[in-house]
Amino acid sequence: EDQVTQSPEALRLQEGESSSLNCSYTVSGLRGLFWYRQDPGKGPEFLFTLYSAGEEKEKERLKATLTKKESFLHITAPKPEDSATYLCAGPYSSASKIIFGSGTRLSIRP
Amino acid sequence: KAGVTQTPRYLIKTRGQQVTLSCSPISGHRSVSWYQQTPGQGLQFLFEYFSETQRNKGNFPGRFSGRQFSNSRSEMNVSTLELGDSALYLCASSLGQAHSGNTIYFGEGSWLTVV
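Notes on the structure follow. Bear in mind the structure is a predicted one, so any value in this text is a computation, not a measurement.

Residues and elements named next belong to chain A. What the 5 strands build is an open sheet, ordered β1-β3-β8-β7-β6; its pairing is antiparallel. Strand pairing shows two members of the sheet lacking a second neighbour, β1 (4-7) and β6 (56-59), which therefore form its edges. Strand-to-strand, the axes of this sheet are offset by a mean angle of 15°, without reference to chain direction. Of the strand pairs in this sheet, strand β7 (residues 62-66) and strand β8 (residues 70-75) are connected by 5 bridges, and their pairing is antiparallel. In the sheet register, T65 faces β8, and the bridge partner there is F72.

Now the structure itself:
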């Protein structure tokens, strides 16, 4: 069964404390890997799309990487405004749909 | 360039009523997909429309339906509302079909409360 699993479920960091979020997925039929940020009460905001193992993309304090079995979202020197839920998702041709992970709730304390 | 627009943003309905939600995709995008988001279940796929045809459907009862117009705008309808239908309904658009790897962009969502 196609699956996308995120860990940890919640993460609390001090401002400036770097860390990584994990997204693991079943490989067969995957057509890419998406990362989104979602603030409470709002729709998910697109961050990155990765297509190939070894690919990396950066945006401000965020960097997304992709291996053959998982993706990481690295957050460097985070600020309180980075607090949000981060979602990863995989488009599966086998399932003809995008499967979302359950998200990581990130909280950055000043 | 304008993003995905959803209307209405908030609505309250009574159990047993029906509701129609509207979505205008990003200009040039031909695929529109709908999701239900609740605290307990996360983001659940409802259905996807591409070129006015439903291409895939999630595991929701027949009370949930949708359609897409020739200008790619889409509507979803929920009939005989139940308390459990209270959720944030999200629309997303993409250039091509989402499962092929086309990036999907979300609207702000429609908050539905059923009382």
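It is worth spelling out the state of the cysteines at this point. Residue and element names in this part refer to chain B. Going through the model one piece at a time under the given rule, you end up with 2 disulfides over all chains. Each disulfide pairs two cysteine sulfurs, and for C23 the partner residue is C91, the sulfurs being separated by 1.8 Å. Handedness here is read from the sign of the S-S torsion; for C23 and C91, about -60°, the answer is left-handed. Taken as a pair, C23 in strand β3 (residues 19-24) and C91 in strand β9 (residues 87-94) lie far apart in primary sequence, 68 residues in all. Both residues of the pair, C23 and C91, count as buried.

Residue and element names in this part refer to chain B. Examined against the element boundaries, Q17 turns out to sit in the loop between β2 (10-13) and β3. The class of Q17 is partly exposed, set by a relative accessible area of 36%. Apart from the residues within four sequence positions on either side, Q17 is in contact with V78, S79, T80 and L81. Engagement of the side chain of Q17 in a polar contact is seen with the backbone nitrogen of T14, the distance being 2.8 Å.

A few words now on unusual backbone geometry. Cis peptide bonds are those with omega within 30 degrees of zero, and the linkage from S7(A) to P8(A) qualifies with -10°. Within the fold, P8(A) resides in the loop between β1 and β2 (10-14). Of note, the bond from T7(B) into P8(B) is cis; its omega dihedral lies within 30 degrees of zero at -10°. Among the structural elements, P8(B) can be located in the loop between β1 (5-7) and β2. Backbone geometry at S51(B) places phi at a positive 50°, although glycine is not the residue there. Tracing the backbone shows S51(B) in the loop between β5 (42-50) and β6 (53-57). Taking relative accessible area as the criterion, S51(B) reaches 28% and is therefore assigned partly exposed.

Take the packing of aromatic side chains next. If you walk through the whole model with that rule in mind, you get 11 aromatic pairs over all chains. With a centroid separation of 5.9 Å and an interplanar angle of 65°, the aromatic rings of F100(A) and F106(B) are classed as edge-to-face. Here the residue F100(A) occupies a position in strand β10 (residues 97-100), and F106(B) occupies one in strand β10 (residues 105-106), the pair thus bridging two chains. Each member of the pair, F100(A) as well as F106(B), carries the same accessibility label: buried. Here the aromatic rings of Y35(B) and F106(B) are separated by 5.6 Å at their centres, their planes lie at 55°, and the arrangement is tilted. Remark: F106(B) occurs in strand β10 and Y35(B) occurs in strand β4 (residues 31-38); sequence separation between them is 71 residues. Each residue in the set F34(A), Y36(A), F46(A), F100(A), Y35(B), F45(B), Y105(B) and F106(B) is aromatic and connected to the rest through ring pairs, giving one cluster.

About the thresholds
- The residue count restarts for each chain, going from 1 along the sequence in the order it is written.
- Whichever chain is written first is A, and whichever ligand is written first is 1; the rest continue in order.
- Totals for whole chains, interfaces and linings use all residues, but because this is a predicted model, local features are given only for residues with pLDDT of at least 70 and pairs of side-chain atoms are given and counted only at 80 or more.
- The side-chain numbers reported here are obtained from all heavy atoms of the structure, hydrogens and water having been left aside.
- DSSP calls a pair of strands paired once it identifies at least 2 bridges connecting them.
- Here a helix means four or more residues in a row that DSSP labels H or I, a strand means two or more in a row labelled E, and each is numbered from the N terminus.
- Helix axes are fitted only over the stretch in contact, all axes being lines through C-alpha atoms; the angle between N-to-C directions runs from 0 to 180 degrees.
- When two cysteine sulfur atoms lie within 2.5 Å, the pair is treated as a disulfide.
- Burial classes follow relative accessibility: with a 1.4 Å probe on protein chains only, a residue under 20% of its type's maximum area counts as buried, one over 50% as exposed, and anything between as partly exposed.
- Should any heavy atoms of two residues lie within 4.5 Å, those residues are counted as being in contact.
- For this analysis, a polar contact is any N or O atom pair within 3.5 Å, provided that within protein one partner can donate a hydrogen and the other can accept it, and provided that sequence-adjacent residues contribute only side-chain to side-chain pairs.
- Pairing of aromatic rings covers Phe, Tyr and Trp, the last counted by its six-membered ring, and requires centre-to-centre distances within 6.5 Å; plane angles under 30 degrees mean stacked, over 60 mean edge-to-face, and any other angle means tilted.

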